[in-house]
Amino acid sequence: MVKVGLTGGIGSGKSEVSRRLAEYGAVVIDADKIAREVVEPGTEGLKEIVEAFGETVLRPDGGLDRERLGSIVFADAGKLAVLNGIVHPRVGERVSELQEAASEDAIVVYDVPLLAENNLASMYDVVVVVDASDEIRLDRLTRCRGMSERDARARIAAQAAREDRLKIADVVIGNEGPLEDLDARVAELWEDLRARAV
């Protein structure tokens, strides 16, 4: 089994790389997806978030209003730490379950946005960083995801600096151009990962 830590700042294109690796046959464990699952309506995670942040973080249907919660925690490091203390242990448990279910010869890609921030590089055989400049990421967040510039800058600032992510990289996938360029880089990465798995 080859354990790959895949990370990149918000708006870098990490999810595009993750999706392409899954198409090649990687077992992808998506920390963001799991983080959403552990705070769905009816979970202990959501109950703790409401206790910590109040009913205003709920949508009318009882689900978590991520945008509202994000605007609270990304502007306050203490509140972000509280949220992480609720979500991260639950994500860790689910990741362990999924890893144990993968075959022994699998290439397991852990899609982990906060890999650098949480000093997790040593947990993986290979760390892949999807990289794009802050300016390009800001443009993608405002143009493609509809975030306000203020929110986008706050989210970028709440994550590790670009330089800190690049320091932990075994492989860097530059993603500032068209998706066709990304396809070629991911194909090369897959061949590299397959060679490591032998």
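Here, the structure is the one placed above.
Remember, it's a predicted structure, so these values are computed and weren't measured experimentally.

Conventions used here
- All residue numbers refer to position in the chain's written sequence, counted from 1.
- Restriction of local features to residues with pLDDT of at least 70 applies here, the model being predicted, together with a cutoff of 80 or more for giving and counting side-chain atom pairs; totals for whole chains, interfaces and linings are based on all residues.
- Side-chain numbers here rest on the full set of heavy atoms in the structure, without hydrogens or water.
- Elements are defined by DSSP. Helices are runs of H or I of four residues or more, strands are runs of E of two residues or more, and each kind is numbered from the N terminus.
- When we talk radius of gyration, it's over C-alpha atoms, and the globule rule is simply 2.2 Å times the number of residues to the 0.38.
- Type-normalised accessible area, obtained with a 1.4 Å probe on protein chains alone, sets the label of each residue: buried when under 20%, exposed when over 50%, and partly exposed for intermediate values.
- Any two residues whose heavy atoms approach within 4.5 Å are treated as being in contact.
- The Shrake-Rupley method, run with a 1.4 Å probe, gives the accessible areas here. Residue values count only the displayed protein chains as cover.
- Positive charges come from Lys and Arg alone, negative charges from Asp and Glu alone, with His and the N- and C-terminal ends not counted.
- Each charge is placed at NZ for Lys, CZ for Arg, CG for Asp and CD for Glu.
- What makes a salt bridge here is a side-chain nitrogen of Lys or Arg within 4 Å of a carboxyl oxygen of Asp or Glu, nothing more.
- It is the directions from the helix axis to the C-beta atoms that the arc portrays.
- Here, the term nonpolar core denotes a set of buried Ala, Val, Leu, Ile, Met, Phe, Trp, Tyr and Cys residues that are joined through side-chain atoms within 4.5 Å.
- Only Phe, Tyr and Trp rings take part, Trp by its six-membered ring, and two of them pair if their centres are within 6.5 Å. Stacked means planes under 30 degrees apart, edge-to-face means over 60, and tilted covers everything else.
- For this analysis, a polar contact is any N or O atom pair within 3.5 Å, provided that within protein one partner can donate a hydrogen and the other can accept it, and provided that sequence-adjacent residues contribute only side-chain to side-chain pairs.

A.B. asks: Would you mind going over the overall build of the chain in detail, with residue names and values included?
C.D. replies: What the chain contains, in helices and strands, is nine helices and five strands. Along the chain, helices and strands appear, N-terminal first, in the series β-α-β-α-α-α-α-β-β-α-α-α-β-α. Computed over its C-alpha atoms, the radius of gyration of the chain comes to 17 Å, within 12% of the 16 Å expected for a compact globule of 198 residues. Counting only C-alpha atoms, the chain reaches 50 × 40 × 30 Å along its principal axes. Taking all 198 residues of the chain together, 40% fall into the buried category. Of the contacts formed within the chain by residues at least 6 apart in sequence, a portion of 74% connects residues at least 24 apart. Roughly 10500 Å² of accessible area belongs to the chain as shown, and the carbon and sulfur atoms make up 48% of that amount. A gap of 3 Å separates the mean positions of the 26 positive and 38 negative side-chain charges of the chain.

A.B. asks: Quick rundown of the pattern of salt bridges? Include the residues and the values.
C.D. replies: It is possible for side chains of opposite charge to pair when their charged atoms get near one another. Counted according to the given criterion, the structure contains 16 salt bridges. Here D134 ties to R137 by a salt bridge, and the two come within 2.8 Å at their closest N and O atoms. Residue D134 and its partner R137 are located together in helix α6 (residues 134-143), separated by three residues, close to a single helical turn.

A.B. asks: Pulling in residues and values, what's your account of the environment of L138?
C.D. replies: As for its placement among the helices and strands, L138 is situated in helix α6. Overall, L138 belongs to the buried group, its relative accessible area being 12%. Along the primary structure L138 and A35 are separated by 103 residues, whereas in three dimensions their C-alpha atoms are 23 Å apart. Look past the residues within four positions of L138 in its chain and what remains in contact with it is E149, A152, R153 and I156.

A.B. asks: Talk me through helix α1 (residues 14-24); I want residue IDs and the actual numbers.
C.D. replies: Among the residues of α1, K14, V17, S18, R20 and L21 are the ones counted as buried. With its buried residues spanning 165 degrees around the axis, α1 presents them on a single face. Those residues of α1 that are buried lie in contact with β1 (2-7), β2 (27-30), β3 (107-111), β4 (126-131), β5 (171-174) and α9 (179-197). In the stretch just after α1, G25 is the one whose phi turns positive, near 120 degrees.

A.B. asks: Please set out the nonpolar core residue by residue, giving values where relevant.
C.D. replies: The biggest cluster of nonpolar side chains holds 29 residues, and the ones touching the most others in it are I49, L69, V87 and V91. Residue contributions to this core peak at six residues, all from helix α5 (residues 77-101). For L69, the residues in contact, after removing those within four places along its chain, are I49, F53, V57, L64 and L83. By size, the runner-up hydrophobic cluster in this structure holds 18 residues, among which are V109, I173, L182 and L189.

A.B. asks: Which residues make up unusual backbone geometry, and what are the values?
C.D. replies: Unusually for a residue other than glycine, N119 sits at a positive phi of about 50 degrees. With respect to the secondary-structure elements, N119 resides in the loop between β3 and β4. On the accessibility criterion, N119 (66% relative accessible area) is exposed.

A.B. asks: Report on the packing of aromatic side chains, specifying residues and quantitative values.
C.D. replies: For the coordinates displayed, the defined rule picks out two aromatic pairs. Taking 5.7 Å as the distance between ring centres and 15 degrees as the angle between the ring planes, the aromatic pair formed by Y24 and W190 counts as stacked. With a gap of 166 residues between them, Y24 in helix α1 and W190 in helix α9 connect regions that are remote in the sequence. Since its relative accessible area comes to 8%, W190 is described here as buried.

A.B. asks: Lay out the side chain of R137 in plain terms, naming residues and giving numbers.
C.D. replies: Judged by relative accessible area, which is 1%, R137 ranks as buried. Of note is the side chain of R137, whose polar atom sits 2.8 Å from the side chain of D134. Leave out the neighbours within four places in its chain, and R137 touches G9, I10, G11, S12, A132, I156, Q159 and R165.

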